[in-house]
Amino acid sequence: MTGTRIAALGHYQPAKVLTNDDLAALVDTDDAWITSRVGIRTRHVAGPDEPVDELAAHAAGKALAAAGLVPDDIDMVLVATSTAIDRSPNTAARVAARLGMTGPATLDLNVVCAGFTHALATADHAVRAGGARRVLVIGADKMTEVTDWTDRTTCVLVGDGAGAAIVEAVEPTGDGDGSAPGIGPVLWGSVPEMGHAVRIEGTPPRFAQEGQSVYRWATQQLPALARKACERSGVTPEELAGVVLHQANLRIIEPLAAKIGAVNAVVARDVVDSGNTSAASIPLALSKLVERGELPSGAPVLLFGFGGNLSYAGQVVRVP
């Protein structure tokens, strides 16, 4: 059976940086309050002339270059986003147009903060089923466009950015040693009755959440789910070289990583510099770790997205 792997990664963030001191000039907050509660120090903010599809296209271009591919080598584009303002054309189609692609399938997925890991699993399934050979998977969000800048409980959290991965078919080696880059089986689900805990709704749409509910659910329920995702890939938490969780809050990431038992893993803490970028957070953090050489090629890394809709999706991937 055809397998899959991540061939390359890319990421992009807007040039403008918003510090905690900058936010203190907008709302009643300060650096100490923000860092003690969520661990964020800076975040990147896109301008009014930088739509979500532009952020996504920049990240996609970097992933294509890293893989040594041209746009027409891609036959499917999947974009995970919850901040596309227009309904049609969808973000994936606009990315394809920006990149000059010819005839790819284009789909958007809205699973908010768990969007990228859902999209990665969808790409994996499409390739395994023979529906595509190479898929461009992007997580991109412009959270600052759906933020109430008078609400200090949410405006301190968000940032903008995009991350991309090239998923491609790979023939099984037959050696069974598990060292080749690959994408493991997904573990995914949701808690529909708690969908009110994280919301982007209204006209104009605005981000809101019940922070304590999300914190309790994430720290209490997700460790067992993350360990089960490892089990599905035949990898123990101790064997993980990296853990890249949704970058929501450092106070969620650090205890969750510890409870998973990934004692030898590099834990992504990109939230400190980037804030919560929703669907962009996992590919953004993973791409940075790989770019800095903190994760060796072929090493197993747990990706686990969670958040909006109280949906979650996780899988173990091998570093390209």
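This text follows the structure it describes.
Residues numbered from 1 in each chain as written. Predicted model: local features only at pLDDT ≥ 70, side-chain atom pairs only at ≥ 80, totals over all residues. Heavy atoms only, no water.

A. The sheet that holds strand β7 (residues 160-170), seen in detail. Here we have five strands laid out as an open sheet, ordered β1-β7-β6-β4-β5, and mixed in their pairing. In this open sheet, the two strands that pair with only one neighbour each are β1 (3-12) and β5 (105-109). On average, adjacent strands in this sheet sit at an angle of 20 degrees to one another, irrespective of strand direction. Note that strand β6 (residues 134-142) and β7 share nine bridges and pair antiparallel. In the strand pairing of β7, Leu136 is matched with Ile166. Contacts between helix α4 (residues 91-99) and the sheet are confined to β4 (76-80), β5 and β6, with β5 contributing the most and set at about 135 degrees to the helix. Helix α10 (residues 281-291) contacts β1, β6 and β7 of the sheet and is inclined by roughly 90 degrees relative to β1. (Pairing = 2+ DSSP bridges. Helix = DSSP H or I, 4+ residues; strand = E, 2+ residues; numbered from the N terminus. Axes fitted to C-alpha atoms, helices over the stretch in contact; angles between N-to-C directions. Contact = heavy atoms within 4.5 Å.)

B. Summary view of the side chain of Gln13. Topologically, Gln13 is positioned in the loop between β1 and β2 (17-19). At a separation of 2.8 Å, a polar atom in the side chain of Gln13 contacts the side chain of Ser274. One polar contact links Gln13 to Lys288, side chain to side chain, over a distance of 2.8 Å. Discounting chain neighbours no more than four positions away, the residues touching Gln13 are His44, Asp160, Ser274, Leu284 and Lys288. (Polar contact = N/O pair within 3.5 Å; in protein donor to acceptor, adjacent residues only side chain to side chain.)

C. Quick peek at the pairing of β7. Taking burial as the measure, the eleven residues of β7 include ten buried ones, the bulk of the element. The pairing of β1 with β7 spans nine bridges and is classified as antiparallel. Its bridge partner lying in β7, Ile6 is registered against Val167. (Buried < 20%, exposed > 50% of the residue type's maximum accessible area, 1.4 Å probe, protein only.)

D. Geometry of the nonpolar core. By size, the foremost hydrophobic cluster in this structure holds 48 residues, and its most contacted members are Trp217, Leu222, Leu240, Leu245, Leu302, Phe304 and Phe306. No other element matches the eight residues that helix α7 (residues 211-232) contributes to this core. Each residue touching Leu240, except ones within four places of it in the same chain, is listed here: Cys230, Val235, Ala262, Asn264, Ala265, Pro300, Val301, Leu302 and Val316. Residues Ala132, Ala169, Ala268 and Leu286 belong to the second largest nonpolar core, which totals 33 residues. (Core = buried A, V, L, I, M, F, W, Y, C linked by side-chain atoms within 4.5 Å.)

E. The arrangement of the pattern of salt bridges in detail. Inspection of the entire model under this criterion finds 13 salt bridges. Residues Glu168 and Arg5 are paired through a salt bridge, measuring 2.6 Å at the closest nitrogen-oxygen approach. Within this pair, whereas Glu168 is found in strand β7, its partner Arg5 is found in strand β1, the two being separated by 163 residues in sequence. Here Arg5 falls in the partly exposed class, since its relative accessible area comes to 29%. (Salt bridge = Lys/Arg side-chain N within 4 Å of Asp/Glu carboxyl O.)

F. Quick look at a negative patch on the surface. A cluster of acidic side chains, namely Asp21, Asp22, Asp28 and Asp30, defines a negative patch on the protein surface. Mapped onto the secondary structure, Asp30 falls in the loop between α1 (20-24) and α2 (31-37). (Patch = residues over 30% accessible without salt bridge, like charges linked within 9 Å, V, L, I, M, F, W, Y side chains within 5 Å. Areas by Shrake-Rupley, 256 points an atom, 1.4 Å probe, with all protein chains shown as cover. Lys, Arg positive; Asp, Glu negative; His and termini not counted. Charge placed at Lys NZ, Arg CZ, Asp CG, Glu CD.)

G. Looking closely at the packing of aromatic side chains. All told, the structure shown has one aromatic pair when counted by the stated rule. With a centroid separation of 6.3 Å and an interplanar angle of 10 degrees, the aromatic rings of Phe304 and Tyr312 are classed as stacked. For the pair Phe304 and Tyr312, a shared accessibility class is recorded, and that class is buried. The cationic tip of Arg251 hangs over the ring face of Tyr215; the distance from NZ or CZ to the ring centre is 5.1 Å. (Phe/Tyr/Trp six-rings, centres within 6.5 Å; stacked < 30°, edge-to-face > 60°. Lys NZ or Arg CZ within 6 Å of the ring centre and 35° of its normal.)

H. Seen up close, the packing of helix α3 (residues 52-67) against α4. As a packed pair, α3 and α4 sit with axes 9 Å apart at the nearest point and diverge in direction by 55 degrees. One way to sum up the angle between α3 and α4 is to call them oblique. Judged by the twist between their axes, the crossing of α3 over α4 is right-handed. Here α3 contributes Val52, Asp53, Glu54, Ala56, Ala57, Ala60, Gly61 and Leu64 to the contact with α4, which in turn contributes Thr91, Arg94, Val95, Arg98 and Leu99. When its residues are assigned to classes, the contact of α3 with α4 shows seven nonpolar, two polar and four charged. (Parallel < 35°, antiparallel > 145°, perpendicular 65-115°, else oblique. Left-handed = near helix turned anticlockwise from the far one by under 90°. Nonpolar A, V, L, I, M, F, W, Y, C, P; charged D, E, K, R; others polar.)

I. Expanded view of the sheet that holds strand β14 (residues 311-318). Reading across the sheet, the five strands line up as β8-β14-β13-β11-β12 and stay open at both edges, with mixed pairing between neighbours. This sheet does not close on itself; its edge strands, each paired only once, are β8 (187-190) and β12 (266-267). Where β8 lies against β14, four bridges are found, and the strand directions are antiparallel. By the bridge assignment, Trp188 is partnered in β14 with Ala313. In this fold helix α5 (residues 115-128) packs onto β8, β13 (300-306) and β14, with an angle of close to 60 degrees to the strand it touches most, β14. Lying over the sheet, α7 contacts β8, β13 and β14, oriented at roughly 140 degrees with respect to β13.

J. Local environment of the environment of Ala66. Within the element layout of this structure, Ala66 appears in helix α3. Distance in space between the C-alpha atoms of Ala66 and Leu256 is 31 Å, their sequence separation being 190 residues. Those residues in contact with Ala66, other than ones at most four positions away along the chain, are Ala8 and Leu9.

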